[in-house]
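# Fold and contact review
Single-letter residue listing:
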Amino acid sequence: MAFSVTTWNINSVRLRLPQVLQFLDSASPDVLCLQETKCPNDAFPSAAFRKAGYEHIAIHGQKGYHGVAIISRLPLSDDRRQTYCDIDHTRNISAVVAAPGARRIRIHNFYVPAGGDEPDREINPKFAHKLDFIEEMRCLHADAEQAEGISSILVGDLNIAPLETDVWSHKQLLKVVSHTPIETENLIAMQRDGAWVDLIRAHIPPEEKIFTWWSYRARDWEAADRGRRLDHVWSSADLLPSLTRVDVLREARGWERPSDHVPVTAHFDF
DNA sequence: ATGGTAGTCACACTA
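We now turn to the structure provided with this report. Please read these numbers as outputs of a predicted model, since none were measured by experiment.

This paragraph deals with the state of the cysteines. In the structure shown here, the tally under the stated rule is zero disulfides. Free cysteine Cys 39: the closest other cysteine sulfur is in Cys 33, separated by 16 Å. By relative accessible area, which is 1% here, Cys 39 ends up buried. Cysteine Cys 139 remains unbridged, with the sulfur of Cys 85 as its closest cysteine sulfur at 11 Å.

So, on to the pairing of strand 14 (residues 264-269). The sheet contact formed by strand 1 (residues 2-9) and strand 14 spans six bridges and is antiparallel. Counted as the bridge partner of Thr 6 is Thr 265 from strand 14. Judged from the five bridges that link them, strand 13 (residues 243-248) and strand 14 form a sheet pairing that is antiparallel. Its bridge partner lying in strand 14, Asp 247 is registered against Thr 265.

With that out of the way, let us pick up the protein's contact with DNA strand B. Taken together, 15 residues surround DNA strand B, and among them Ser 12, Leu 15, Arg 16, Lys 63 and Arg 217 come closest. The side chain of Arg 257 places a nitrogen or oxygen atom 3.3 Å from a phosphate oxygen of DNA strand B. Residue classes in the surface near DNA strand B are distributed as five nonpolar, three polar and seven charged.

Turning our attention to the sheet that holds strand 2 (residues 31-35). The sheet built from six strands is open, its strands ordered 3-4-2-1-14-13 with mixed pairing. Unpaired on one side and paired on the other, strand 3 (56-60) and strand 13 mark the two borders of the sheet. Within this sheet the neighbouring strands show an average axis-to-axis angle of 10°, counted without direction.

As a rule of thumb, nonpolar side chains are buried together in soluble globular proteins. Counting 52 residues, the largest nonpolar core has Phe 3, Leu 34, Phe 49, Ile 153 and Phe 268 as the members making the most contacts within it. Excluding anything up to four places from it in sequence, Ile 153 contacts Phe 3, Val 5, Ile 105, Arg 106, Ile 107, His 108, Trp 196, Val 233, Trp 234, Ser 235, Leu 239 and Phe 268. Core analysis: the second largest hydrophobic core is formed by 16 residues, Cys 85, Met 137, Leu 140 and Ile 160 among them.

Here the focus is the environment of His 267. Position of His 267 among the secondary structure elements: in strand 14. Along the primary structure His 267 and Asp 30 are separated by 237 residues, whereas in three dimensions their C-alpha atoms are 9.6 Å apart. With near-sequence residues (within four places) excluded, His 267 lies in contact with Phe 3, Ser 4, Ser 242, Leu 243, Thr 244, Arg 245 and Asp 247. Within the local environment of His 267, its side chain forms a polar contact with the side chain of Asp 247, the two groups lying 3.0 Å apart.

So, on to the layout of surface pockets. Its boundaries defined by the atoms lining it, the largest pocket holds a volume of some 990 Å³. Grouping the constituent residues of the lining of the largest pocket by class yields nine nonpolar, ten polar and eleven charged.

Reading the values: rules and limits
- Residues numbered from 1 in each chain as written.
- Chains lettered and ligands numbered in written order.
- Predicted model: local features only at pLDDT ≥ 70, side-chain atom pairs only at ≥ 80, totals over all residues.
- Heavy atoms only, no water.
- Disulfide = S-S within 2.5 Å.
- Buried < 20%, exposed > 50% of the residue type's maximum accessible area, 1.4 Å probe, protein only.
- Pairing = 2+ DSSP bridges.
- Helix = DSSP H or I, 4+ residues; strand = E, 2+ residues; numbered from the N terminus.
- Near = heavy atom within 4 Å.
- Polar contact = N/O pair within 3.5 Å; in protein donor to acceptor, adjacent residues only side chain to side chain.
- Nonpolar A, V, L, I, M, F, W, Y, C, P; charged D, E, K, R; others polar.
- Axes fitted to C-alpha atoms, helices over the stretch in contact; angles between N-to-C directions.
- Core = buried A, V, L, I, M, F, W, Y, C linked by side-chain atoms within 4.5 Å.
- Contact = heavy atoms within 4.5 Å.
- 1 Å grid on protein atoms, 1.4 Å probe; cavity = no way out; pocket = protein on both sides within 12 Å on 5 of 7 lines; lining within 4 Å.
- Points joined across faces, edges and corners; volume = space filled by probe spheres on them.

In structure tokens:
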């Protein structure tokens with residue numbers, strides 16, 4: 001039985017509702033995780049998602065900034081919202097999805113702080129926040145609920161491109177926030193400590209460049225192709241044998257009024 | 001070396 005989950009930093013769910021509905025209509029994932037919804041909970045366009053067949057919705061939003069959501073065709077339960085670094089940004093939500101074959105999977109959806117421009121925690125509090133956030137994520141383990149028979153998937157905009165092939169130029173980005181050694185090392189340490197498997201890289205070899213984000217500021221994003229892989233799909237090791245493919249929908253960056261991030265979908269066969 | 005664009009919310013802030 002097929003199962004799929006998508007992560008997408010949508011940069012305003014209300015502004016881009018038509019694009020999201022078009023994506024759901026064509027790609028038809030079982031679960032859609034959004035980041036940067038920029039939408040207070042009482043203004044979330046839930047009715048439009050229900051109408052599209054996604055009746056199970058868990059949201060965590062605030063006015064103006066941040067905001068995450070899990071939108072699902074399959075039942076969700078035990079939804080949780082966690083605060084990181086004692087700062088009440090809406091950057092995390094998780095829920096258990098009832099996947100095919102009586103499988104239960106907790107989906108953790110994250111929007112990690114971007115970290116500002118200066119990669120120095122002493123002078124840039126936003127960068128300090130980002131590093132502290134990643135550090136706090138270290139205690140999240142993929143096998144945390146294994147004893148209860150619950151597998152784990154972690155998705156989101158982690159705002160870090162860890163590998164050399166996750167950016168258009170490793171050398172030119174070494175001092176640019178998102179690809180500095182302290183960030184990439186901490187992210188990889190967090191992945192290792194939590195026993196997470198990087199599903200994008202399980203499907204697309206690490207030698208191959210792959211990006212999920214292209215800046216709005218480029219004159220021609222496609223020609224320049226100065227992208228970064230900031231969006232991630234990780235899982236507990238038990239799900240890896242069931243992974244069939246991962247799709248990075250590059251063409252979505254060229255849609256009308258696009259997000260600067262594209263949807264990434266992991267497909268499983270259970 | 002700088003500034004380029006996008007979104008929210010109504011002035012600057014964040015990315």
